[in-house]
Amino acid sequence: MKISTKFLEDSLIYICLILILIGLLLIGSIDSFQFKSRNIIMQTIWIFVSIVFFFIFSHIHLQRLRILSFPLLLLGLIVLAAVFVPGIGKTVNSSSRWINLGKFTFQSSNLAKVILIFYMAHFFAKNQDILDRSEPRYFLRNFFPVIFALGLYIGLIYFEPDLSTAGILFLIFLSMLFIAKVKLSTITLISVSVIIMLVVLISVGPSYRRARYVSFMKFLAGKEVKVQDHNDTFFQPRESLIALSNGKLTGRGSEEGKAKLYYLPFAHSDYIFSILGEEYGFVGSIVLLLFYLLLLLSCFTLAQRAHNPFYSFLIAGLGFGIAYNIIVNVAVAVSLIPSTGVTLPFISYGGSALLIDSIAIAVIINASKRDRYERVEKEFQYA
Amino acid sequence: MQENNGRISSIKVIFILVFCVFIVRLFSIQLLDVYGFYNNYQRYKNKKNIIPAERGFIYDRHGTALAGNKKLYKLEFCPKLIKWEKIDSLSTVDRGIVYDEIINTIAQNTDKSREELAERISTFEEDFPYGFELVTQIDAAQKDRILRALKDQGIHGVLDYKQKSERVYPKGNLAGPLIGFYEYDNDHALCGIELVSNNELTGQDGWSEVIQYGTGDDYHFDDMPLQNPISGKSVYLTIDAHLQAILEKNLIHGIEEYDAKGAIGVIISPRTGEIYAMRGINRDYIGSSVRAGHTLPIYPINWQYEPGSTLKPVTALIAIEDNIYHANDIIDCRTRKIGGRTISDVKPLQYLTFKQVLSKSSNCGITRIADNIQPYKLYKTLTELGFGHKTGIILNGESAGVIRHPSKWSKYSLHSLAFGQEMTVTVLQLAYAYAAFANGGRMLQPKIIYKIEDDEQNTIFEPKTTVVRQVSNLWALDTLRTYLKAVVDEGHGVGTKLGYISVAGKTGTGEKLDPEGGYLEDAYITSFVGFFPVEDPQVVMAIMYNEPNYDHRYGSISAVPTFRKIVEEMIVLPHNDILYIANEANREYVLVPECIGKSVKEACRLLVEHNINFTSFGDGDFVVDQFPKPGVTMLEGSSIILQAGFQILTQNYKDANLTQ
């Protein structure tokens, strides 16, 4: 039995709506227990903004937009650089990741990510010929524009500093190379060199990051888990694990959830998965993961079914963007990787992330639809 | 792009595998609890926060607070919450201005200096943006002044918290040792009423279930269980704060004037056994701190001494009771020698009547009387009057005094006991013995608690007047009372004689016992115990000085003047009917004079002479009739009615009855 493409496109919208509602529920309950209402109000506003942009981007003509891929790339650079400009950029917890828009803030790396994916899809689709000659020795020369853009983007994001987003951007790049049928030897070589670079970066990077890795390694070795000290570097992961452990099978319910009572910092954003795990238990976590898996599988099936390489690359790239956010966030919550600040798509509090993710879904559906129509048109012409 | 299928499919498989890893991981964390975090944290159990109950107050009999509570507050400074209504967002400069205003306001209202506050802010500002203590232990008034001043200026960011409660004694050291002392910090009652009534004064703490937040704060929500605290009960003492103040003032005055080491005064009611005022003052502790003053021993119940002559009435009472002597029997009061012991008086005396033996306080005379009474009866009467055992007052640290059983007496003991040696008493015992003299022989249980009220002001306990036993008989005591009145009227107690009130009592001058045996040289204990008004005694008062200087070594020139001053001051107190009762008792009966036929002017002069008021009606210069009629007895001060008319009509109306 083959599921129709149209059904997959529709299911993407429904899954996103369900996820957004789940997020709203969690943020609302966190807010009420923290005696404030700011987050839930802001999130609701951003949802409406996102819906508007969703409609715009689901009707935009993507092939015409391709002409703008290079100017967009420049726009992405400007946006990324803007966070360093005093007055425009906003610094939170000594990271300047946000652009100040009056009462709202906008995380520039989110936008840059989508722009870069668009550019990569455009580039790979345009230069189909070079994809066949992608051995390591040709690679740098043939893929220079993409590598250059990626380098600039990752560099700027790294200096925000936001290592995790930089890493995700790089993973997206690798994954797109993979589905673009670049030689596996090339991909392996790049991966190995980047892993070495990463180790160097961590060892020379800021001390807080190094400390996090050290304590995480200790944790993996089975030590230091039960220490209760608010200054220790393993504080957040431990709190997350405590919350999850106490969820058990069906969870404690939103009334009895304790992690959101300021035990778990960033309960409404980075660690919202732990809140869900505590309040709705193993069942709740699994249901959420299944929704995400459905979302991703639908997404990549659409990418598979798209005939036009540009659409296929675009859908897959945006899919990767969402997938890696989910994977990194959940992995942090269950302490499979060290603590880092990545939001959970559609659920975490964070307007710009929600907006960009919605736009990504809109573009995915838009691309899939256009591909179908173009195919039908083509068949019609041949006929 | 069908050729991509293979790689995208493998990506899908990879993602499915990753999600499987997540599911396994979640299974191990959430269901297997591999780290042992489940139910291991206090935060998952709601905490009960104790709401401390307020300790009960201690009042005097008229409701004047003697012990209460003060709430202390602390102010926290929250740099993050600082706001100034005049400016929306504060720049660094504005921030400085606001900080200065806050510092100034607080410095004006507390004892903290500006520099101290500024230093505190600069030290903690960075590390504690959500609040740190700025000033602690300020009272409600200071807190309100500061917060109001800041509010008027539109400055936000200084928050107040209740810190703790503190026990306060609004009257300072007044009745200090009696009230005792309570430490709020340790929840520890040290002594006095605070200790003996601790159960009543202590309230029942309440609790509220709270959710513990990660910030360290506790929050109670409306739907969570809550038990309100029940405040401690209020204890009303029988003490009269005014009287207590008068007593203490005069004792201190006396100590200074007579250069005494200490003084003790007790004022009680012979009718109910209530203690109106009671204080022992040690010269070394005058003007000490509240804590020191409140933790001293209660000397009136604790300090024992040889009472001396104040005990002579007991011997006299037995003589009266057994009809051995009568008021005018002559007694040989010359210096006498018994065995190796010479008994003499300060001023050598010759022969005195029985009544004079008491008023002149003759040692020789009283020993002659003692010779004729049964020794055991003296012991029995002394014991019945409460000597040698505790009065049963609820306070801690009471002394029983010492009195030996007749089987252990030496040949001198009878005479010694007759004038108050070879035994020790407390001032309170003495006062209650005299109360029995005053009230017809009823030995009363000392009463210090007037009533106990719960937090809704319902009286839940009101001790009854308890008569412990009956001593002697009414007739003998009435006689004794007239003798004691004579002491004041013509004897050593003459210093307390007041025109408007009749006082009875007995002076006492005792040599002070040497702890190493015998008596100290030139160390005296002087005392006066008396009651008034004699006709219907309302008050018994005992005054004692410990080692007044040589010039004031007699009770009649140290204790007696103090007694008199206290009486003079206390009878004008509010809530006091002593003077009224005394006047009622002293009023005499007069015969109504003949006014009929006299001119109104003449009748008026006549009635004023007889101390009779009158009202008149009718025109004319002559009294034509009166009611009551002449020759009737009536209380002086009451009034009669006169009818005025003309002389001619006098005869006609002479027998008319005005009452018709």
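Nothing here was measured: the structure is a model prediction, and the numbers come from that model. (Residues numbered from 1 in each chain as written. Chains lettered and ligands numbered in written order. Predicted model: local features only at pLDDT ≥ 70, side-chain atom pairs only at ≥ 80, totals over all residues. Heavy atoms only, no water.)

(A) Helix α9 (residues 163-179) of chain A, seen in detail. If you check α9(A), its first and last C-alpha atoms are 24 Å apart, about what 17 residues at 1.5 Å a residue would give, namely 24 Å. Backbone geometry just after α9(A) places A:Lys181 at a positive phi near 65°. (Helix = DSSP H or I, 4+ residues; strand = E, 2+ residues; numbered from the N terminus. Expected span 1.5 Å × (residues − 1).)

(B) Region of the structure containing the environment of A:Ile326. By secondary structure assignment, the location of A:Ile326 is in helix α15 (residues 309-333). By relative accessible area, which is 0% here, A:Ile326 ends up buried. Remark: the alpha-carbon pair of A:Ile326 and A:Pro345, spanning 19 residues in sequence, is separated by 6.5 Å. In contact with A:Ile326, other than residues within four places in its own chain, are A:Tyr292, A:Leu296, A:Leu344, A:Pro345 and B:Phe19. (Buried < 20%, exposed > 50% of the residue type's maximum accessible area, 1.4 Å probe, protein only. Contact = heavy atoms within 4.5 Å.)

(C) Expanded view of the packing of aromatic side chains. Under the criterion given, the structure shown has 43 aromatic pairs over all chains. Between A:Phe33 and B:Phe221, the aromatic rings sit 6.3 Å apart at their centres with planes inclined by 65°, giving edge-to-face as the arrangement. Linking A:Phe33 in helix α1 (residues 5-33) with B:Phe221 in the loop between β11 (218-219) and β12 (226-227), this pair reaches from one chain into another. Using a relative accessible area of 23% as the deciding quantity, one classes B:Phe221 as partly exposed. Taken together, A:Phe33, A:Phe35, A:Tyr262, B:Tyr213, B:Tyr219 and B:Phe221 form an aromatic cluster joined through their ring pairs. A cation sits over an aromatic face here: A:Arg66 above A:Phe310, 4.2 Å from the ring centre. One residue, A:Arg372, lies across the ring of A:Tyr373, its end atom 5.9 Å from the ring centre. (Phe/Tyr/Trp six-rings, centres within 6.5 Å; stacked < 30°, edge-to-face > 60°. Lys NZ or Arg CZ within 6 Å of the ring centre and 35° of its normal.)

(D) Region of the structure containing the interface of chain B and chain A. Chain B puts 41 residues into the contact, and the matching count from chain A is 63 residues. Our count for the contact surface shared by chain B and chain A stands at one salt bridge. The salt bridge partner of A:Glu239 is B:Arg43, with a shortest N-O separation of 2.9 Å. Among the secondary structure elements, those contributing two or more residues to the side of chain B that touches chain A are α1 (5-31) and β10 (206-212) of chain B. (Salt bridge = Lys/Arg side-chain N within 4 Å of Asp/Glu carboxyl O.)

(E) Region of interest: a positive patch on the surface. Residues and elements named next belong to chain A. Residues Lys-36, Arg-38, Lys-90 and Lys-103 make up a contiguous surface patch of positive charge. Checked against the element boundaries, Lys-90 lands in strand β1 (residues 89-92). You can call Lys-90 partly exposed: its relative accessible area is 32%. (Patch = residues over 30% accessible without salt bridge, like charges linked within 9 Å, V, L, I, M, F, W, Y side chains within 5 Å. Areas by Shrake-Rupley, 256 points an atom, 1.4 Å probe, with all protein chains shown as cover. Lys, Arg positive; Asp, Glu negative; His and termini not counted. Charge placed at Lys NZ, Arg CZ, Asp CG, Glu CD.)

(F) The confidence of the model for chain B, seen in detail. When pLDDT is averaged along chain B, the result is 85; 95% of the residues meet or exceed 70. Here the prediction assigns the complex a pTM of 0.69, and the interface score ipTM is 0.94. (pLDDT = per-residue confidence, 0-100.)

(G) Fine view of the environment of B:Thr64. All names here are of chain B. If you trace the backbone, Thr-64 turns up in the loop between β2 (58-59) and β3 (65-77). In this structure Thr-64 comes out as partly exposed when scored by relative accessible area, which is 23%. With 178 residues separating them along the chain, Thr-64 and His-242 place their C-alpha atoms 9.4 Å apart. Aside from chain neighbours lying at most four places away, what touches Thr-64 is Ile-58, Tyr-59, Lys-171 and Ala-241.

(H) Structural context of the pattern of salt bridges. Residue and element names in this part refer to chain B. Within this structure, the stated rule accounts for 34 salt bridges over all chains. Where Glu-569 meets Lys-249, a salt bridge forms, and the shortest distance between an N and an O atom there is 2.8 Å. Note that Glu-569 is positioned in helix α18 (residues 559-570) and Lys-249 in helix α8 (residues 241-258), a separation of 320 residues in sequence. Residue Arg-564 pairs with Glu-568 through a salt bridge whose shortest N-O separation is 3.0 Å. Placement of both Arg-564 and Glu-568 in helix α18 is noted, with a separation of four residues, approximately one turn of the helix. Assessed through its relative accessible area of 27%, Arg-564 is described here as partly exposed. Look at Glu-568 and you get partly exposed, because its relative accessible area is 29%. Among the charged side chains, a network of salt bridges with common partners joins Arg-55, Arg-167 and Glu-194.

(I) Fine view of the pairing of β3(B). All names here are of chain B. Where burial is concerned, most of β3 is hidden: 10 out of the 13 residues are buried. By the bridge criterion, two bridges tie β2 to β3 in an arrangement that is antiparallel. Within β3, the position partnered with Tyr-59 by the bridge is Ala-65. Hairpin connection, β2 to β3: the antiparallel pair is bridged by five residues, and Gly-63 has positive phi, about 90°. Looking at chain direction, β3 and strand β7 (residues 158-168) are connected through 10 bridges and run antiparallel. Looking at β7, one finds that Leu-75 is bridged to Asp-160. (Pairing = 2+ DSSP bridges.)

(J) Main features of the sheet that holds β1(A). Residues and elements named next belong to chain A. Reading across the sheet, the three strands line up as β1-β2-β3 and stay open at both edges, with antiparallel pairing between neighbours. In this open sheet, the two strands that pair with only one neighbour each are β1 and β3 (104-107). Strand-to-strand twist across the sheet, computed as the mean angle between neighbouring axes with direction ignored, equals 50°. (Axes fitted to C-alpha atoms, helices over the stretch in contact; angles between N-to-C directions.)

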